[in-house]
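Structural characterization, general
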Amino acid sequence: MSHEFEIDSNVSNESLRPPDFPWFGIDVGGTLVKLVYFEPLDLSKEEEFKEGDILRTIRHYLVGNTAYGDTGVRDVDLEIKSIRIGDRLGNLHFIRFPTNQMENFIDLCVKRKFYQLCFQVYATGGGAFKFESVVTENLNLHWVKCDELDMLIEGVEFLNKINNQNECYYFNIEAKKTLDKSPSNSINFDSVLSSSCTSESLSSSVSSSASGTSTDSDYTTCPLTKCNFIKQSYAFKNTYPYILVNIGSGVSVLLVKSENEYKRVSGSSIGGGTFLGLCCLLTGCNTYEEAIDLATKGDSTKVDKLVRDIYGGDYSKFSLPGDIVASSFGNMNVRERREQATREDLARATLQTILNNVGLIARDCAKNYKCERVMFVGTFLRLNGLSKHLLAYATNYWSKGTIKALFLEHEGYFGAIGCLKNFVNRTEMDEENV
């Protein structure tokens, strides 16, 4: 992404000048740490001299690598190039690593002598409080704690401004002219996120390329396999009110009425952290990426008990199709079914259980507060096209097209972006946190 334009940072004339470099924003979540770094491109000779060896080392280390140790990753595809923030030209970089590596990250900073610097970092998330003493004691910096929901909303709004038409999108769901008849690609799904999936075509790609002819079986195809998901840009304006669903370790659901007015209306402890934790226990996987890969290849009907398992077909009195999940993991009390279930099946059923919960909460909140848009965000959706397709289809299906599911390119980084924005603007939070 490359954008050459200046951002209105909404800083009054009385605000302090933009701070010296380096510019960071950090969100220390329950599962992942998200770091946003602004790399200046317009340093003067005086600034380059003032920068010194340590700051130069920071810049070269962060920008010159795409991986840091065994678990740190710079999301190169998310980089926003040549933007102006705080009247400075630079590139915006997005870096993540597991929260359980936070102390190792601090040790790395010490080894690279970052402690010889004295600068500010605006931080959010529960870890901003948990790791405050360790950070300040070892790195000699001013650690400014920011409310995570404030930073989330500000980050969403700010990034939609600086990334303009490239940030927000939805899926236009169109029926396929031909369908895949391969049994290995069949999916049982006719309810809110309650499906089996053995289809590798529902991977992180935006639109499935599978094609063929449909079968006549009552329960061998899913509406998802009958659809193409075409990614469409969405102009983020006149959007209020909307429901914002943040899927992190847990789930927070917010009603957003304006950039400065929002409230938390619901939430759940069953979120991305639950998915990863259960997948590690059930499948022996070790990473989020591995868990999602397993889920993409699994078939949850080998794990879940469906309506047809109880009624022998549809429950017509209440218009419930036979392939709706009646009980998540309901078949696992039978030894034979446990023996048949693979690691992939268990991961898929776990994903379905999590998304079923999230989807129902989001739909109910949108109906209760008369919102036509639900925006799904959070690191859980990063590199997870399968879940986006499921959420998009379910939102459209169960609202009969009256509610639109929106997604953002920089899932998971909005808290860190909000911190960076406030750091550059140097708001009154400085005084509150001293």
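Report on the accompanying structure. (Residues numbered from 1 in each chain as written. Predicted model: local features only at pLDDT ≥ 70, side-chain atom pairs only at ≥ 80, totals over all residues. Heavy atoms only, no water.)

Further remarks concern the overall build of the chain. Counting its regular elements, the chain contains 13 helices and 17 strands. Across the 434 residues that make up the chain, the buried fraction comes to 53%. Of all intrachain contacts in the chain linking residues separated by at least 6 positions in sequence, the fraction that spans at least 24 positions is 72%. (Helix = DSSP H or I, 4+ residues; strand = E, 2+ residues; numbered from the N terminus. Buried < 20%, exposed > 50% of the residue type's maximum accessible area, 1.4 Å probe, protein only. Contact = heavy atoms within 4.5 Å.)

Side chains of Leu278, Leu281 and Leu282 sit close together on the surface and give an oily, nonpolar patch of about 290 Å² of accessible area. Along the polypeptide, Leu278 turns up in helix α6 (residues 272-283). (Patch = residues over 30% accessible without salt bridge, like charges linked within 9 Å, V, L, I, M, F, W, Y side chains within 5 Å. Areas by Shrake-Rupley, 256 points an atom, 1.4 Å probe, with all protein chains shown as cover. Salt bridge = Lys/Arg side-chain N within 4 Å of Asp/Glu carboxyl O.)

As a working rule, side chains carrying opposite charge can pair if their charged atoms are close by. Here the structure, examined in full by the defined rule, presents 16 salt bridges. Of the charged contacts, one joins Arg96 and Glu289 as a salt bridge, the two residues approaching to 3.4 Å between their closest N and O atoms. Of the two residues, Arg96 sits in strand β6 (residues 88-98) while Glu289 sits in helix α7 (residues 288-296), which places them 193 residues apart along the sequence. Looking at Arg96, the relative accessible area reads 11%, which means it is buried. One salt-bridge network, held together by shared partners, links Glu154, Lys161, Glu259 and Lys421.

Below, the discussion takes up the side chain of Ser268. Summarising the element assignment, Ser268 is placed in strand β13 (residues 261-268). Side chain to side chain, Ser268 and Asn357 meet in a polar contact 2.8 Å long. Here Ser268 is in contact with Gly250, Val251, Asn357 and Ile361, once residues within four sequence places are set aside. (Polar contact = N/O pair within 3.5 Å; in protein donor to acceptor, adjacent residues only side chain to side chain.)

All right, on to the packing of aromatic side chains then. All told, the structure shown has 21 aromatic pairs when counted by the stated rule. Considering the side-chain rings of Trp23 and Phe38, the 5.1 Å spacing of their centres and the 25° angle between planes classify their relative orientation as stacked. You can see Trp23 sitting in strand β1 (residues 23-28) and its partner Phe38 sitting in strand β2 (residues 32-40), a full 15 residues away along the chain. A single burial state applies to Trp23 and to Phe38, both of which are buried. Between the aromatic rings of Phe171 and Phe407, the centroid separation amounts to 5.7 Å while the plane-to-plane angle is 55°, which identifies the pairing as tilted. In this pair, Phe171 is assigned in strand β9 (residues 168-175) and Phe407 in strand β17 (residues 404-408), connecting sequence segments 236 residues apart. (Phe/Tyr/Trp six-rings, centres within 6.5 Å; stacked < 30°, edge-to-face > 60°.)

Below, the discussion takes up the layout of surface pockets. Approximately 1000 Å³ is the volume attributed to the largest pocket. Lining the largest pocket are 48 residues, with Thr31, Leu32, Lys34, Ser249 and Thr379 sitting closest to its centre. Residues belonging to the lining of the largest pocket are distributed by class as follows: 17 nonpolar, 24 polar and seven charged. Here the second largest pocket defines a volume of roughly 520 Å³. (1 Å grid on protein atoms, 1.4 Å probe; cavity = no way out; pocket = protein on both sides within 12 Å on 5 of 7 lines; lining within 4 Å. Points joined across faces, edges and corners; volume = space filled by probe spheres on them. Nonpolar A, V, L, I, M, F, W, Y, C, P; charged D, E, K, R; others polar.)

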